[in-house]
Structures are given as C-alpha cells and as structure tokens.
Amino acid sequence: MDDTQISELMAYAKRFTGLTPEREAALIQAAPTIEPALSPITEDFYATLQQIEQTAPFLEGRLEQLKKTHRSWLAGLFHGPYDSTFTRSMYRVGAVHVQIGLPVEFMSGGICLITHQLIQRVTGLYANAPDQAGQLLSAINAVTGFSLLIMQQSYQNASLAVELDRFLKVTGMSRTLFDNLASACHD
C-alpha cells in the first residue's frame, strides 16, 4: 500500500474503532502503570495458545521469538504514536500471517485473549480509580480493535493476492492480460 492508502485506511480504522486523540492520550498516560503487566500478559497469552491444538504448529520452535515480538507489540499499544508508521506495522502483521498460513480467526481470537488479560490487569491496577479504569479500557478496546481491523484488511488483501497468483499460474494468463481484462470490466 502506498502512503495515501495507508493514511486513508488509518483514518477509516480510527473512525470505525473510536481511536480518538483522547483515547490515544489515555493509553500513553497509562504506559508507566501498565508496562510491568505486559510480560505476564505475554506469558499467559502463549500459555493459553499452547493449550489450543490448532495453534501448536505455528508456535513450534519459535516460541521465545514470538514472545519477544508480542511483548514489543503490546508495549507499542501504550506508547504510540498511532500514525501511519503504526498502521503500516499492523498491516505487515496481517500479511505475515498469510505468508505463514495462519488462519484468519487466530488474529481475532488472539485479540480476544489479549483484551481479556488487559481487562483483568487494568481492573486490578485501577481498582481505586474506576473512572480512570473505564476510560483506559475504552482506549484499549479502541487500539486493539484498530490493530485487528488493519491486520484483517491486510490479511484479506494478501489472501486475494495469493489466490490471484495461483489463478494466473493455473491458467497461464499473464498479469498484464488479467489487469487489462479487469480494467475493461470496471469501465
């Protein structure tokens, strides 16, 4: 995706998920408080994934590297900026998931597991500040939803590209011919 497309996708995803400047500020403000809970969240996340039979092939031999990447991503949710660089990063995650053959439902299931862990930690950390906890939970919902929306868009685009490549290979059709035919259909 070019810069304009990323910017448009970012704006769309922010509107759709409610990732407002106020919620972005709440995430950044909470970073020092939530930061110590991120490693345990990552550990719990992967402990849960290891108990799910379908995820085992995707974890085998890569668990420590995946934990490191996951922990870094979690920290990024609380440090921002939530800009085109962040959007592009989330977009790459979706494409990588297609490349490794990760089923699309693993992304939404993973976000659910992470959100559950974050809810537990935030309600504990902010037990004496329920209004602040509520605002932070809304911000977490927005940023995880934003991330998922971007990853799913990328996943869909990458999946279509893979399918198109397969079609072109099977039919022997050139990409140029396909593009010309597709262009003629849109006119």
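Above this note sits the structure.
Everything numeric in this text was worked out from a predicted model, so none of it was measured.

Okay, the pattern of salt bridges next. Under the criterion given, the structure shown has six salt bridges. One salt bridge connects Lys14 with Glu24, and the closest N-O pair in it is separated by 2.9 Å. In this pair, Lys14 sits in helix α1 (residues 3-17) while Glu24 sits in helix α2 (residues 21-50), placing the two residues ten residues apart along the sequence. Looking at Glu24, the relative accessible area reads 15%, which means it is buried. Arg71 is paired through a salt bridge with Glu35; the nearest N and O atoms lie 3.1 Å apart. Residue Arg71 is found in helix α4 (residues 63-77), and its partner Glu35 is found in helix α2; the two are separated by 36 residues along the sequence.

Once that is clear, we can look at the packing of α2 against α4. It is the contact of α2 with α4, at a shortest axis distance of 8 Å, that shows an interaxial angle of 150 degrees. Relative to α4, the element α2 is oriented roughly antiparallel. As α2 runs across α4, the sense of the crossing is right-handed. Touching Leu27, Glu35, Leu38, Ser39, Ile41, Thr42, Glu43, Phe45, Tyr46 and Gln50 of α2 are Leu63, Leu66, Lys67, His70, Arg71, Leu74, Ala75 and Leu77, all from α4. Of the residues that constitute the contact of α2 with α4, the class distribution is ten nonpolar, four polar and four charged.

The space that makes up the largest pocket amounts to roughly 770 Å³. Surrounding the largest pocket, 29 residues form its lining, Tyr46, Leu66, Val93, His97 and Leu102 being those nearest its centre. If you list the elements that add at least two residues to the lining of the largest pocket, you get α2, α3 (56-59), α4, α5 (84-99) and α6 (104-125). Looking at which element gives the most residues to the lining of the largest pocket, the answer is α6, with eight residues.

Reading the values: rules and limits
The residue numbers shown here count from 1 along each chain, following its written sequence. Only residues with pLDDT of 70 or above have their local features reported here, since the model is predicted, and side-chain atom pairs are shown and tallied only from 80 upward, although totals for entire chains, interfaces and linings are computed over all residues. The basis for every side-chain value is the complete set of heavy atoms in the structure, and neither hydrogens nor water enter the calculation. Salt bridges are defined as contacts in which a side-chain nitrogen from Lys or Arg sits within 4 Å of a carboxyl oxygen from Asp or Glu. Labels follow the DSSP assignment, with helices taken as runs of H or I lasting at least four residues and strands as runs of E lasting at least two, numbered in each case from the N terminus. We call a residue buried when its accessible area falls under 20% of the maximum for its residue type, exposed when it is over 50%, and partly exposed in between, using a 1.4 Å probe and counting protein chains only. Lines fitted to the C-alpha atoms define the axes, with helices restricted to the stretch that makes contact. Angles between their N-to-C directions range from 0 to 180 degrees. Roughly parallel refers to an angle under 35 degrees, roughly antiparallel to one over 145, roughly perpendicular to one between 65 and 115, and oblique to any angle outside these ranges. Two helices crossing with the near one rotated counterclockwise from the far one by less than a right angle form a left-handed crossing, whereas a clockwise rotation gives a right-handed crossing. Pairs of residues are marked as contacts when any of their non-hydrogen atoms sit within 4.5 Å. Just so you know the grouping, Ala, Val, Leu, Ile, Met, Phe, Trp, Tyr, Cys and Pro go in nonpolar, Asp, Glu, Lys and Arg go in charged, and all remaining residues, Gly too, go in polar. Cavities and pockets are defined on a 1 Å grid built over the protein atoms alone: a cavity is a set of grid points where a 1.4 Å probe fits but cannot escape, while a pocket is an open set with protein on both sides within 12 Å along at least five of seven lines, and lining residues are those with an atom within 4 Å of any such point. Grid points are joined across faces, edges and corners, and a volume is the space filled by probe spheres set on the points.

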